[in-house]
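Coordinates in review
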Amino acid sequence: MNLGGMVKRSLATILVLALAIILAGKTGIGATPETSTIQFRDVTQLAGIRFVHNNGAFGKKFLPETMGPGVAFIDYDNDGWPDIFLVNGMDWPGHAQKHSTPKLYHNNHNGTFTDVTHKAGLDVEMFGLGVAVGDYDNDGYDDLFVTAYGQGHLFHNNGNGTFTDVTQKAGLLGPREFSSSAAWVDYDKDGNLDLVVGNYVQWTPETDLYCTLDGKNKSYCTPESYKGTSVRLWHNRGKGTFEDVTQKAGLGDPTSKTLGVAVLDFDNDGWPDLLFSNDTQPNKLYRNNGNGTFTEKAVVAGIAFSEDGVARAGMGVDAADYDHSGFPSLLITNFSNQMLSLYHNEGKGLFVDEAMATSMRTFSASKRT
């Protein structure tokens, strides 16, 4: 498995899709599917997006360099127009060549965007990986949590176009992990958004392993080379601070190698459940017990492994009721030469992978997703 392309997503592709969707809504592209075909066009440069991702690579082939950056829409100034936040990496200590930070692009309401990163106070260097948008303090303005190698960051939206890094103040400072993804979820329904963070593997520059494909040159190691690590669940105390309730909630599992997080109520009991897509480890589905704890159900639900009983290299994940059955189903993207997983929710706590029965069987086999 060539990990060099393992999680890399084309940021340009993400932006093309995202911006095309915005423009489609305003130009009517694809408005009548009976008589026309949906079309997308690359408007990245035209829209003023000048973002370049820095993965920090300098020849040592460190594992985090294989990870692509996250991106999110956020209407940070509440003007009714979606703005764009782009996560970025940085150079490794001792090998600094350039200054790179996340980017916030303000929507100008005319199809173009302006870089307001410095003005917004978000020009903070970090090895960022993913991002989650949510109003954790219920002040009416969406905040940002950025996952990263090392230390994740919580940025509070001040409501005046600027953000403040409140990671330490919020009680989130300390765990130096390889966090890949995150989601906001009010898992105990107390009215305050809690934070769940997916972590990848146990890796540091000091514990980096030597892997090679040709016996001569160092290559990127596959995730099997490193031990897994648990996700984290941060409970929102309601006063701008959080507490780690991972073990208390029953989410502690040191074998996971999480890349994707999805929030869904798969059994329609009114309590949000959690799905973690894992890389070369079984996926995890945690049912919310309604009392602050979760029970793992992935194996019995049929989504832990492929139909062949193999743990796939799970990457991204999303949940939606695509067939209007009243129950959310799951789509999990997997590594190159692995089928996409389209888990249909049968409505009784059981999922069936229907990817082979759809056109997805020809779409996913050669893709890195």
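Conventions and cut-offs
- Residues numbered from 1 in each chain as written.
- Predicted model: local features only at pLDDT ≥ 70, side-chain atom pairs only at ≥ 80, totals over all residues.
- Heavy atoms only, no water.
- Helix = DSSP H or I, 4+ residues; strand = E, 2+ residues; numbered from the N terminus.
- Buried < 20%, exposed > 50% of the residue type's maximum accessible area, 1.4 Å probe, protein only.
- Contact = heavy atoms within 4.5 Å.
- Areas by Shrake-Rupley, 256 points an atom, 1.4 Å probe, with all protein chains shown as cover.
- Disulfide = S-S within 2.5 Å.
- Polar contact = N/O pair within 3.5 Å; in protein donor to acceptor, adjacent residues only side chain to side chain.
- Pairing = 2+ DSSP bridges.
- Axes fitted to C-alpha atoms, helices over the stretch in contact; angles between N-to-C directions.
- 1 Å grid on protein atoms, 1.4 Å probe; cavity = no way out; pocket = protein on both sides within 12 Å on 5 of 7 lines; lining within 4 Å.
- Points joined across faces, edges and corners; volume = space filled by probe spheres on them.
- Nonpolar A, V, L, I, M, F, W, Y, C, P; charged D, E, K, R; others polar.

Another point: the overall build of the protein chain. If you tally the helices and strands in the protein chain, you get five helices and 22 strands. When the 369 residues of the protein chain are sorted by exposure, 50% land in the buried category. Of all intrachain contacts in the protein chain linking residues separated by at least 6 positions in sequence, the fraction that spans at least 24 positions is 53%. About 16700 Å² of surface is accessible on the protein chain, with carbon and sulfur atoms providing 52% of the total.

The subject of this paragraph is the state of the cysteines. Applying the stated criterion to the full structure yields one disulfide. Covalently, cysteine 211 is tied to cysteine 221 through a disulfide, its sulfur atoms 2.0 Å apart. Classification of the bridge connecting cysteine 211 and cysteine 221 rests on its S-S torsion, roughly 105 degrees, and on that basis the disulfide is right-handed. In this pair, cysteine 211 is assigned in strand E11 (residues 211-212) and cysteine 221 in the loop between strand E12 (218-219) and strand E13 (232-236), connecting sequence segments 10 residues apart. Here cysteine 211 and cysteine 221 have matching classes, each one buried.

Locating threonine 222 in the fold gives a position in the loop between E12 and E13. Side-chain polar atoms of threonine 222 contact the side chain of glutamate 224, separated by 2.8 Å.

One open sheet holds the four strands; their spatial order is E1-E2-E3-E4, and the pairing between them is antiparallel. Looking at which strands have only one partner, the edges of the open sheet turn out to be strand E1 (71-74) and strand E4 (113-115). Neighbouring strand axes in the sheet, compared pairwise and without regard to direction, differ in orientation by 25 degrees on average.

This part takes up the sheet that holds strand E17 (residues 284-288). Strand order in the open sheet made by the four strands is E15-E16-E17-E18, with antiparallel pairing throughout. Lying at the two open borders of the sheet, with one neighbouring strand each, are strand E15 (258-264) and strand E18 (294-296). Recorded for the sheet is a direction-independent mean angle of 20 degrees between the axes of neighbouring strands. Bridging between strand E16 (residues 273-278) and E17 involves three bridges; their strand directions are antiparallel. Counterpart to leucine 274 in the pairing with E17 is tyrosine 286.

As enumerated under the stated definition, the model contains two cavities of 30 Å³ or more in all. Volume-wise, the largest cavity comes out at about 120 Å³. Lining the largest cavity are 13 residues, and of these Phe145, Gly152, Pro175, Glu177 and Trp234 sit closest to its centre. For the lining of the largest cavity, the secondary structure elements donating two or more residues are strand E6 (143-150), strand E9 (177-185), strand E10 (194-199) and E13. By residue number, the principal contributor to the lining of the largest cavity is E6, which donates three residues. Here the lining of the largest cavity is built from residues that sort into six nonpolar, five polar and two charged.

Honestly, that's just the spatial picture; any functional story needs more than this.
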